[in-house]
Structures are given as C-alpha cells and as structure tokens.
Amino acid sequence: MKLLSKTAIYLCLASFPIAILGVFTLNWFIHKSTIHEIDELLISHFKKAEKKLKISQNQAFVLGDLDDNPHLQIVPYSLKIKPIFSDSTEIDLRNNDEVRIRVLQATVHNAQQNFLVTITQSYEEFEEISTKLSWGLGIYFLGFLLLLLLINFLIYRQLWKPFYEIIDHLRNYQLNKSTPSIFKKEAIEEFNLLSQTLHQMTQRISKQFILQKEFTENASHEIQTPIAVISAELETLLGSENLPEKEVNHIQKSMDSLQKLSQLNKSLLLLTKIENNQFSEIEEVNLSNLVSNLLEMYQEFAQHKNITIHQEIQPNQTLEINPLLAEILVGNLLKNAIRYNQKSGNLTCILKDKQLTITNKGDKLPFPETQLFNRFVKHPKHPESMGLGLAIVKQIAEQYGLKITYKFDKMKQVHTFIMKW
Amino acid sequence: MKILLIEDEPSLLLSMQHYLEEEGYIVSTTNTFRDAVEKINDYDYDCLVVDITLPDGSGLDIIKELKQEKTNVGIVIVSAKNSLDDRLVGLDLGADDYLTKPFHLSELNARIKSVLRRRFFEGNPKITFQEISISPENQEVFVKNEIVELTRKEYELLIFFISNKNRILSKSAIAEHLWGDSMDLADSHDFIYTHIKNLRRKLIEKGCPDYVKTRYGAGYIFSEK
C-alpha cells in the first residue's frame, strides 16, 4: 500500500469521530446560546407587561393579545413569585406537532389586583436551525477533507516524481558502468538529501570497486612475469646436455603445471575483466561466419577423435556483442562438445532463428546439473581441465542477456546446449 | 645479427640472452627505458625485444621513437598484458610481433627468426637445413629440389623445428606454436604425435634421414646428428 493511501485512510478514520463530536458540541453550544437569548426576550416582554399593568387601572385584558400571550391570571395578594423560567411543550397548530417552548412566570401587582403573568416563547425553529447548521458544518468539514485528499492524490505523482526517479536510477545502477553522477539536485529538500547521500555512497563504492579491479588485474599481470621466468629457466634446464630421463620427466611435469597455472591465471583474469565490463566495444558480429570458422579450426581435433560434425548454419545470423567475447563464448561451447565427446561420437551444431544449439554424445554428468556452469567444476576423467570454460560462457551470456540452457537426453546419451537471444 | 633485449626482470633477461646467444646472435641487454634509448642511439641493432612495462617508461615509446627514425630494425614486443588494445597499438606503431608472457624461449626464437627473415632477406628468403629448402613466400618445401606436399600444420611444424634446431622442444611449446589459444584441445599426447609422425614420414619418403628425435617422451629434437 502506498504511503499516500495509508495516510488517507488514517486521516479518514480520525476525521469521522472528530466530525461527529464537532456536530454535537456545536449543537449544544447553539442550544445554550438560543435559550439565553430567548430568556432575555421573555424578560423584556415581562418588563413591558409589568409596566403596563402597574399603570393600568382596569382589567388585564388591555394586555392580552390574540394569542393570550402574555397570559394573565388574577391570584391572591399573598402569592409572590419572582420571575422563573421553565421548559415546556405545546401543540403546534400547523401540523399538530409538539414544539418546545420557554415559559416565564412571575407575579405583578398594582393597586387593585395581583396578577400571575405567564409568557411563552417557542424556540423550536432555532433548534432546527441549530441542528441543520451543526450537521452542515460537520459535513462540510468532511467534504473539505476529502477534497484535500483528492488534491493530494492529484499532485502526488508530480511531487514524488524525483523520488521515483532516484529509485529508477538505483535500480539501473551498475557498479561497472561508469555513470557516477546520476543523482541530480532536486527541488525538494528531503529528496535532495536522499539524492546527495546516494550520490556520495555510490561514489565511494565505485572508488572501492575500481581499486579492487585494478588490484585483481595488476596481480594477475604481475604473476605472469615470475611464471615467464620459471618457464624460461625450466626450458633452459631441459636444453642441457646429458640430462637423465628421470630429471627430464620432473622438468616436464613442472612445465606442464606451470602452463596450467598460467592458463588458470589468464582465465581468471578474463572472468574478472568480463565481470568488470572491460570489453565494452560492441559490434554486430556475424555468428554464422564465426561458427563456421571455429568449426573449421577445430575440425582437426574432431577428426583426431573420429567425431562426425553435423552443421546446419543459417547465413547472416548476427548478435550485438564484443567480437572477442563472441569468439570465446562460441569457442568454449564447441571445444567442450569436442573434448567431452565420445570417441567416434558426433557433434551437431545448428544455428538458426536466433538460436545456437550444440549437442554432443557423452556420458551423464558426474556432478549435479546445477553445478555445470560453476567455477572449478571438473570432470573427474579430465583432470587437466580447469573447470572454467563454462563459467566463462555463463559470465559472457549474463553480460549480454543471452539465455543458455543445458539438457541431457538419458536415452540417447546426448548433451545439448542451447543459446537463445 | 645483433639483438637488444629490453626487459626489467633480470632472470628472464638472462635466460633470453643465453638462449639467443646459443643461436649465434650478438645479444645486448638493458633493463631500463633510459639505457635502452641510449643504446639504440649509439649502436645499430637488427632486432629489438621490448617489454612494454619498464620501470621508467613504456616500451611503446621506444618503438615510436625508433619508427620516427625509419630504421630497418625488427621489433618483437614482450608483454605481461594480453589485452587486445596493447597488441593492436604495438603492431600499429610498427612492431613486427607481439608475445604474451609467459612464453617459450623456443617461441621467441622462432618469432625473431621470422622477423629477421622478413626484414633482411626480402626477395628470396630461403630457409635451408641440410637437403631441405623452404621458400616461405609461397610456403613450398623442397627436399633435394623435389617438392614435398605438407599440410599447413606440418609446414608450420617444420619451420618451428628448423628455427629451433638441435634444441629440445616440449610438447606444450609445439602445441602453443601450432594452435595458439585452442592449444588446450591439443593436450592429448597422441594428437601432436600424429602430426609429427606424418611430417617425419613425408620427409623420410623424399630421402631425408630421420631428423626428428624423441627425448624421453618429454619433447622432440630436430637435429642432423
């Protein structure tokens, strides 16, 4: 749920009780004020009546109006009442409803008589207005709130745009792509802070990454020189006259291992360089030509193992890739298909419709299929292999978003690698 | 033939020097950029072997300077870096060849011979060994003036053998020379042996003595002895 929706829900939940409470408070307050004003009105009526009664010598009817309000009643002299207010009801003649009224009663006397004056005033209308006003205000309050939320929803996209841009940048951020200043200055303080912090963070990481990268590369290069020295020394030693066979064998074994070490170092360096995206030049590589050339190049190795090559290559199949990596990628797959092929086995290479399929005969993998593309996974029957060929294939494929799948057909004993793009 | 070796790793320098001296070259060595520039200005060399990364400068600058003077010196770059860029830059500047460390001394020797051949025997660069005579221009091999039909690999193998005659050539050196980056496919013993056997047979058929000798299974020697 979005932050905005969450906020809106909480605001709505909180505003309903506030609105209801507000309605009743306002209603009560207006009621109190109305009563107060009515009472003042009644007092003023009473004063007028009192004045008239004091100077009047006659009967009370001089005061009376059609409504009999104020109502005069002659009471004995002994009864003295100070003005008192009370609430009562009467029947409204319009629709026979009971309506609330305010009543003032007091005694007034003149020379002749003592009167009980009763004055009434209906305040039902004021109460109705009060209720309508209170509810009206309550509803207005809620309406106003909803309108504010709506406006917030409408400007939300615009306001949070920088935030989503930053998120987008982060999502697309790749350490090896040299785009350090992707976080631009934002108009909104908070987003600006976020942007700047992320900028600093990525700068730091990228600096560390470059250092690490340089170290790996330099280390690999530095290792090659001592290997070159040892290799040259061993070669010189091998060239000495009259070396016994045993010594020659020792030297030979050392040389073989040294060569493996060098090859290993080169492969690791290659992996690092691919990971670091140091093969940035991309061109449209004609895979059809590449595959044909490589097959021709490996022909003699296949022949030596008496492997039959079946190829089906659609012309002009292209792929946007670094040409060197393309050669390594296809080369490793083909070499694999030859190396792990059976004697007198067969190799099929089909390139068509953006798909390269390479199959070879061979026994089931001695390790779980999931480990096939991992580094240093070797076939026990081929200890001389480094177990990096397919790891390099995977790394290159990942770099260019190529999909590589592996299948093994148990019945036919056939390994299949499919590369799609 | 005078060769100048420019390499900052002393033991590698020494190994290269010995190997090349045994080949009959007059070899000078240096391990700094400055000294190399001085030597080049003071003496004439036929071939230079240059390491790109020197402590006080880049080997590429030496090549640039040399090429401005338009000397006819052959240049072989030796570098720990296997990057395509360095290779292309080096060759663009006018270097004749580029060798990545580590390399076999026999490979370096073969490359130097090839460079010198191209530079100094223009027109009719013939390689001869006893009754074998090779014309690299049209890649033809003659034994006693009779042509020998060789496959491409057999031809390359023969040149490599003759360039390193009387020396033991390990199987890995031969594999690397013939197949380069795909040599890992050639690691089976009998694969190289098949090629050597065929070359041997074709030469013997034309009346050559068996020049190829096996040394304890470690390597081969091409020798008239």
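For every chain, the first residue of the written sequence is number 1, and numbering continues from 1 onward in sequence order. Naming scheme: in the order in which they are written, chains are lettered from A and ligands are numbered from 1. This being a predicted model, a pLDDT of at least 70 is required before a residue's local features are given, and a value of 80 or more before pairs of side-chain atoms are given or counted; all residues contribute to the totals for chains, interfaces and linings. Excluded from the side-chain calculations are hydrogens and water; all other atoms, namely the structure's heavy atoms, are used.

1. Topic: the nonpolar core
For soluble globular proteins, the rule of thumb is that nonpolar side chains tend to be buried together. Only buried Ala, Val, Leu, Ile, Met, Phe, Trp, Tyr and Cys residues count toward a nonpolar core, and they belong to the same one when joined by side-chain atoms within 4.5 Å. Classification of residues uses two cut-offs on accessible area relative to the type maximum, computed with a 1.4 Å probe and protein chains only: under 20% is buried, over 50% is exposed, and between them is partly exposed. Counting 81 residues, the largest nonpolar core has I132, L158, F161, I174 and F222 of chain B as the members making the most contacts within it. Counting residues in hydrophobic clusters, the runner-up holds 23 residues, among them I3, L12, V49 and V78 of chain B.

2. Thoughts on the packing of helix α6 (residues 323-339) of chain A against helix α7 (residues 389-399) of chain A
Residues and elements named next belong to chain A. Viewed as axis vectors pointing N to C, α6 and α7 meet at an angle of 140°, and their least axial separation amounts to 9 Å. Considering the angle they form, α6 stands oblique to α7. Considering only the axes of α6 and α7, their crossing is left-handed. Across the interface between the two elements, L325, I328, L329, N332, L333 and N336 from α6 touch G389, L390, I392, V393 and I396 from α7. For this classification, Asp, Glu, Lys and Arg are treated as charged, while Ala, Val, Leu, Ile, Met, Phe, Trp, Tyr, Cys and Pro are nonpolar and the rest, including Gly, are polar. The class makeup of the residues in the contact of α6 with α7 is eight nonpolar, three polar and no charged. In this analysis, axes come from line fits to C-alpha atoms, helices being fitted only over the stretch in contact, and the angle between any two N-to-C directions falls in the range 0 to 180 degrees. Elements are defined by DSSP. Helices are runs of H or I of four residues or more, strands are runs of E of two residues or more, and each kind is numbered from the N terminus. With respect to orientation, any angle under 35 degrees is reported as roughly parallel, any angle over 145 as roughly antiparallel, any angle of 65 to 115 as roughly perpendicular, and every other angle as oblique. In a left-handed crossing the near helix is turned counterclockwise from the far helix by less than a right angle, and in a right-handed crossing that turn is clockwise. Contacts are assigned to residue pairs with any non-hydrogen atoms lying within 4.5 Å of each other.

3. What to know about the layout of surface pockets
Of the grid points, spaced at 1 Å and generated over the protein atoms alone, those admitting a 1.4 Å probe that cannot get out make up cavities, while open sets with protein on both sides within 12 Å along at least five of seven lines make up pockets; any residue with an atom within 4 Å of a point is treated as lining. Grid points are joined across faces, edges and corners, and a volume is the space filled by probe spheres set on the points. The computed volume of the second largest pocket comes to approximately 500 Å³. Forming the walls of the second largest pocket are 20 residues, and the residues nearest its centre are G239 and E241 of chain A together with N166, R167 and I168 of chain B. If you list the elements that add at least two residues to the lining of the second largest pocket, you get α3 (189-238) of chain A together with α1 (10-22) and β13 (212-215) of chain B. With four residues, α1 of chain B is the single largest residue contributor to the lining of the second largest pocket.

4. What about unusual backbone geometry?
Residue K101 of chain B is joined to P102 of chain B through a cis peptide bond whose omega torsion reads -5°. Structurally, P102 of chain B can be placed in the loop between β7 (97-100) and α5 (105-120). Of note, S344 of chain A is a non-glycine position whose phi angle comes to about 60°, a positive value. Looking at the secondary structure, you find S344 of chain A in the loop between α6 and β8 (346-351). Since its relative accessible area comes to 49%, S344 of chain A is described here as partly exposed. The backbone of Q130 of chain B shows a phi angle near 50°, a positive value even though the residue is not glycine. Take Q130 of chain B: it is sitting in the loop between β8 (127-129) and β9 (132-135). Assessed through its relative accessible area of 52%, Q130 of chain B is described here as exposed.

5. A look at the environment of F222 of chain B
All names here are of chain B. Locating F222 in the fold gives a position in strand β14 (residues 219-222). The exposure class assigned to F222 is buried, which follows from its relative accessible area of 1%. Separated by 114 residues in the primary sequence, F222 and L108 place their C-alpha atoms 17 Å from one another. What F222 contacts, discounting residues up to four positions off in sequence, is F129, I132, L158, F161, I162, K165, N166, R167, L203, Y211 and V212.

6. Comments concerning the sheet that holds β14 of chain B
Residue and element names in this part refer to chain B. The antiparallel open sheet is built from three strands, whose spatial order is β12-β14-β13. Whereas interior strands pair on both sides, the edge strands pair on one side only; in this sheet they are β12 (168-170) and β13. Each strand of the sheet is rotated relative to its neighbour by a mean of 35°, with strand direction disregarded. Strand pairing is assigned whenever DSSP detects at least two bridges linking the two strands. Relative to β14, β12 runs antiparallel, the two being bridged by three bridges. Counted as the bridge partner of I168 is I221 from β14.

7. A look at the domain arrangement of chain B
Residue and element names in this part refer to chain B. Just so you know, the domain bounds were taken from an automatic or database domain assignment. Looking at chain B, the domain boundaries give domain 1 (2-120) and domain 2 (127-222). Computed over C-alpha atoms only, the centres of domain 1 and domain 2 are separated by 26 Å. Taken together, the contacts link 10 residues of domain 1 with 13 residues of domain 2. Accessible surface is computed with a 1.4 Å probe, and the buried area is the amount of it that two parts give up when combined, taken over both parts together. Across the domain 1 to domain 2 interface the summed buried area is about 960 Å²; carbon plus sulfur atoms make up 41%. Salt bridge, as applied in this entry: a Lys or Arg side-chain nitrogen positioned within 4 Å of an Asp or Glu carboxyl oxygen. Counting across the interface, domain 1 meets domain 2 through two salt bridges. Between R167 and E23 there is a salt bridge, and its shortest N-O distance comes to 2.8 Å. Here a polar contact means two N or O atoms within 3.5 Å. Within protein one must be a hydrogen donor candidate and the other an acceptor candidate, and residues neighboring in sequence count only if both atoms are side-chain atoms. Put simply, domain 1 and domain 2 have nine residue pairs in polar contact (both at pLDDT 80 or more) between them. Going through the elements one at a time, α1 and α5 are the ones with two or more residues in the side of domain 1 that touches domain 2. Among the elements that make up the side of domain 1 that touches domain 2, the one with the highest residue count is α5 (six residues). In the side of domain 1 that touches domain 2, the residues fall into two nonpolar, three polar and five charged.

8. Focus on the packing of aromatic side chains
Here a Phe, Tyr or Trp ring, Trp counted by its six-membered ring, pairs with any other such ring whose centre lies within 6.5 Å, and the pair is stacked when the planes are under 30 degrees apart, edge-to-face when over 60, and tilted otherwise. Throughout the structure, instances matching the rule amount to 18 aromatic pairs over all chains. Seen in terms of ring centroids, Y140 of chain A and F144 of chain A are 6.1 Å apart; in terms of plane orientation they differ by 20°. Their pairing is stacked. Note that Y140 of chain A and F144 of chain A are positioned in helix α2 (residues 124-172) at a spacing of four residues, about one turn of the helix. For the pair Y43 of chain B and Y45 of chain B, a centre-to-centre distance of 6.4 Å together with 65° between the ring planes defines the contact as edge-to-face. Accessibility expressed as a relative area gives 47% for Y43 of chain B, which makes it partly exposed. Pairwise contacts between aromatic rings join Y156, W160, F163, Y164 and F191 of chain A into one cluster. Ring-over charges, as used throughout, are those where CZ of Arg or NZ of Lys falls within 6 Å of the ring centre and within 35 degrees of the ring normal. Across the ring face of Y164 of chain A, the terminal group of R157 of chain A is positioned such that the distance to the ring centre comes to 5.5 Å. Sitting over the face of the ring of Y19 of chain B, R167 of chain B holds its NZ or CZ atom 3.5 Å from the ring centroid.

9. Things to note about the interface of chain B and chain A
Each partner contributes to the interface: chain B provides 36 residues, whereas chain A provides 36 residues. Summed over both sides, the interface between chain B and chain A buries roughly 3,200 Å², with carbon and sulfur atoms accounting for 58% of that surface. Its largest share of buried area at the contact with chain A, chain B owes to P102, L185 and Y216 of chain B, together 22% of the area lost on that side. The interface formed by chain B and chain A holds zero salt bridges in total. For the interface between chain B and chain A, the tally reads nine residue pairs in polar contact (both at pLDDT 80 or more). Within the residue set of the side of chain B that touches chain A, elements represented by two or more residues are α1, α5, β12, α7 (171-179) and α8 (189-205) of chain B. Of the residues assigned to the side of chain B that touches chain A, the class counts are 14 nonpolar, 12 polar and 10 charged.

10. Here we look at α2 of chain A
Residues and elements named next belong to chain A. Given a helix with a known number of residues, its expected span is that number minus one, times 1.5 Å. Look at α2: 70 Å from first C-alpha to last across 49 residues, which is about the 72 Å you get at 1.5 Å a residue. For a residue, the bend is simply the angle between two axes, fitted respectively to the seven-residue segment ending there and the seven-residue segment starting there. Along α2, the sharpest kink reaches roughly 50°, centred on K161 and followed within four residues by the proline P162. Every buried residue of α2 is listed here: E124, E127, S130, S134, G138, L142, L145, L149, Y156, P162 and I166. Residues of α2 that are buried make contact with α1 (3-55), β3 (98-109), β4 (114-122) and α3.

11. Considering the domain arrangement of chain A
Residue and element names in this part refer to chain A. The domains assigned to chain A are domain 1 (3-144), domain 2 (189-275) and domain 3 (283-420). Counting residues at the interface gives nine residues for domain 2 and 13 residues for domain 3. Each partner contributes to the roughly 1,000 Å² buried at the junction of domain 2 and domain 3, and carbon and sulfur atoms together form 77% of this total. Taken as a group, K260, L271 and I274 account for 51% of the area that domain 2 buries against domain 3, more than any other trio of residues on that side. Taken together, the links from domain 2 to domain 3 amount to one salt bridge. Residue E275 pairs with R375 through a salt bridge whose shortest N-O separation is 2.8 Å. At the junction of domain 2 with domain 3, the criterion picks out two residue pairs in polar contact (both at pLDDT 80 or more). Here the side of domain 2 that touches domain 3 is built from residues that sort into five nonpolar, two polar and two charged.

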